[in-house]
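Observations on the three-dimensional arrangement
Spelled out, the chains give:
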Amino acid sequence: MPLKEITLEELNPTAFIDAKVRELAETVGGGTAVNALSGGVDSSTVTMLGHRALGSRLKTYFVDNGIMREGEPDRVVAFFNARGVPVEKVDARDEFFAALKGKADPEEKRQAITDAFYTQVFGRLVRESGARFLLHGTILTDVEETVAGIKRQHNILAQLGIDTQAVYGYKVLEPLIELRKPAVRAVCKALGLPEEMYNRPPFPGPALTARVIGEATPERIALVRIATRVVEEVLAGTKAFQWLAILHEDMVTGIRDGKREFGRQIEVRCWDSEDAVTAAPTALPFATLRTLADRITREVPGVVSVTYNIATKPPSTIEVV
């Protein structure tokens, strides 16, 4: 059955929260559920819904997969622990990089992350906890892009005919699947989370692997992680929908200290959008672009070229892979 969207105009955040809390409590019953927290708006909203519905029967984990922003695992865990939501950090860096080894194709990388996430890491956590359910922050745009063949989102399973109970040993619950990002932000705000959370720019489920063209090795992830920090620091005051840094696979000729340097290139993207379905590049001041280029070439080892994307979505997409 096609999903029916609850638009921002139709949404009553308080009524939605009450309904989803009841639904989660009834579905899980007297058992326990495992929750996958990444720190983004979607997963944070699901975490708070699950906490209200299940209390101590919700086992929330932050998986440190080695492909997140700088300092993200500890920051997210501390944020929720301070709000009375226990979160356990799980070190799965070796498992994820082993799954990604040798893979350069975007869909192969996404599938590798899906398999590592659902089969290896959360499959183990669910078995250890005895839970029969996994909460996940899937939203409507994730489903649409995957089903349309635009881009496989790692969290799309049942919508592709995957029986999660049979394949992974647990059922995936998706309380936000009728919403797009603006509506999720409204629910997040109504749950009492601060603006730094409900207005946080989107971050992809495959994390920094979605921002590395080609193989996502630990070394290449480390480079794009630094570039991501620079971009987020420089563009923190913008009103754009999303901003990001991309590490290209091709090498280009540059000059450093008066000598030729065959180096790397970073692409910066910054988007104006309402719902991520369509988007246009933000008209950033040229001085801002120069600041980005100066800092990235200075702070990211081996980078000699910085470009800015000026294509719209479509035909481009917000993330590069």
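In the block above lies the structure referred to throughout.
Reading the values: the criteria
Residues numbered from 1 in each chain as written. Predicted model: local features only at pLDDT ≥ 70, side-chain atom pairs only at ≥ 80, totals over all residues. Heavy atoms only, no water. Helix = DSSP H or I, 4+ residues; strand = E, 2+ residues; numbered from the N terminus. Rg over C-alpha atoms; globule rule 2.2 N^0.38 Å. Buried < 20%, exposed > 50% of the residue type's maximum accessible area, 1.4 Å probe, protein only. Contact = heavy atoms within 4.5 Å. Phe/Tyr/Trp six-rings, centres within 6.5 Å; stacked < 30°, edge-to-face > 60°. Lys NZ or Arg CZ within 6 Å of the ring centre and 35° of its normal. Salt bridge = Lys/Arg side-chain N within 4 Å of Asp/Glu carboxyl O. Pairing = 2+ DSSP bridges. Right-handed = clockwise from strand over helix to strand, strands pointing away. Arc of directions from axis to C-beta. Polar contact = N/O pair within 3.5 Å; in protein donor to acceptor, adjacent residues only side chain to side chain. Axes fitted to C-alpha atoms, helices over the stretch in contact; angles between N-to-C directions. Parallel < 35°, antiparallel > 145°, perpendicular 65-115°, else oblique. Nonpolar A, V, L, I, M, F, W, Y, C, P; charged D, E, K, R; others polar. Core = buried A, V, L, I, M, F, W, Y, C linked by side-chain atoms within 4.5 Å.

Here we look at the overall build of the chain
Helix and strand counts for the chain come out as eleven helices and ten strands. Computed over the C-alpha atoms, the radius of gyration of the chain is 20 Å, within 12% of the 20 Å expected from 2.2 N^0.38 for a compact globule of 321 residues. When the backbone C-alpha atoms are referred to their principal axes, the chain occupies close to 70 × 40 × 40 Å. Evaluated residue by residue, the chain yields a buried proportion of 52% over its 321 residues. Put simply, of all contacts in the chain between residues at least 6 apart along the chain, 74% involve residues at least 24 apart.

Some remarks on the packing of aromatic side chains
Geometry of an aromatic ring pair is reported as the spacing of the ring centres plus the angle between the planes. Under the definition given, this model contains four aromatic pairs. A ring pair is formed by F79 and F80, whose centres lie 5.1 Å apart and whose planes are at 70°; its orientation type is edge-to-face. Each member of the pair F79 and F80 is classed as buried. Following the ring pairs from residue to residue traces out a cluster consisting of Y61, F117, Y118 and F122. In this structure, R69 is placed above the aromatic ring of F203, and the distance from its NZ or CZ to the ring centre is 4.0 Å.

A few points about the pattern of salt bridges
Tallying each qualifying case throughout the model produces 20 salt bridges. For R295, the salt bridge is made with E233, and the minimal N-O distance between the two is 2.7 Å. Separated by 62 residues along the polypeptide, R295 in helix α11 (residues 286–299) and E233 in helix α10 (residues 218–234) bring together distant segments of the chain. Owing to a relative accessible area of 19%, R295 belongs among the buried residues under this scheme. The residue E261 makes a salt bridge to R256 at a minimum N-O spacing of 2.7 Å. Among the residues examined, E261 registers a relative accessible area of 21% and is labelled partly exposed.

Quick look at the pairing of strand β3 (residues 87–91)
The sheet contact formed by strand β2 (residues 58–64) and β3 spans five bridges and is parallel. Looking at the pairing, V63 lines up with V90 of β3. Assessed by its sense of winding, the connection that carries the chain from β2 through helix α3 (residues 72–81) to β3 is right-handed.

A few points about α3
Along α3, the residues classified as buried are E72, P73, V76, V77, F79 and F80. What you see down the axis of α3 is that its buried residues fit within an arc of 160°, all on one side.

Some details on the side chain of R269
As for its placement among the helices and strands, R269 is situated in strand β8 (residues 259–272). A polar contact of 2.7 Å, which involves the side chain of R269, links it to the backbone oxygen of T317. Non-local contacts of R269, meaning those with residues more than four positions away in its chain, are made with Q242, W243, L244, I246, Y308, N309, S316, T317, I318, E319 and V320.

Some remarks on the environment of D91
Its place among the elements puts D91 in strand β3. The spatial distance from the C-alpha of D91 to the C-alpha of S38 is 13 Å, given a sequence separation of 53 residues. Within the structure, the side chain of D91 is placed 2.8 Å from the side chain of R93, a separation counted as a polar contact.

Observations concerning the packing of helix α1 (residues 13–28) against helix α8 (residues 181–190)
Helix packing for two helices is described by the angle between their axes and how far apart those axes are. In the contact formed by α1 and α8, the axes pass within 9 Å of each other and the chain directions differ by 80°. Of the possible angle classes, the one that applies to α1 and α8 is roughly perpendicular. Here P13, F16 and I17 of α1 come into contact with α8, specifically with A186, V187 and A190. Its residues assigned to classes, the contact of α1 with α8 comprises six nonpolar, no polar and no charged.

Details of the nonpolar core
Judged by nonpolar contacts, the single largest core of 86 residues is most densely connected at F80 and F122. Here this core takes nine residues from helix α5 (residues 106–129), the largest share from any one element. In contact with F80, not counting residues within four places along its chain, are L37, S44, T47, M48, V85, V87 and M197. If you look at the next biggest cluster of nonpolar residues, it comprises nine residues, including I213, F241, W271 and V321.

Considering unusual backbone geometry
P314 follows K313 through a cis peptide bond whose omega is -15°. Note that P314 resides in the segment after β10 (303–308). Here the bond from P314 into P315 is cis, since omega is 10°, no more than 30 degrees from zero. Secondary-structure assignment places P315 in the segment after β10. The backbone of D257 shows a phi angle near 55°, a positive value even though the residue is not glycine. With respect to the secondary-structure elements, D257 resides in the loop between β7 (252–256) and β8. The backbone phi angle of A276 is positive, close to 75°, even though this residue is not glycine. Along the chain, the position of A276 falls in the loop between β8 and β9 (280–281).

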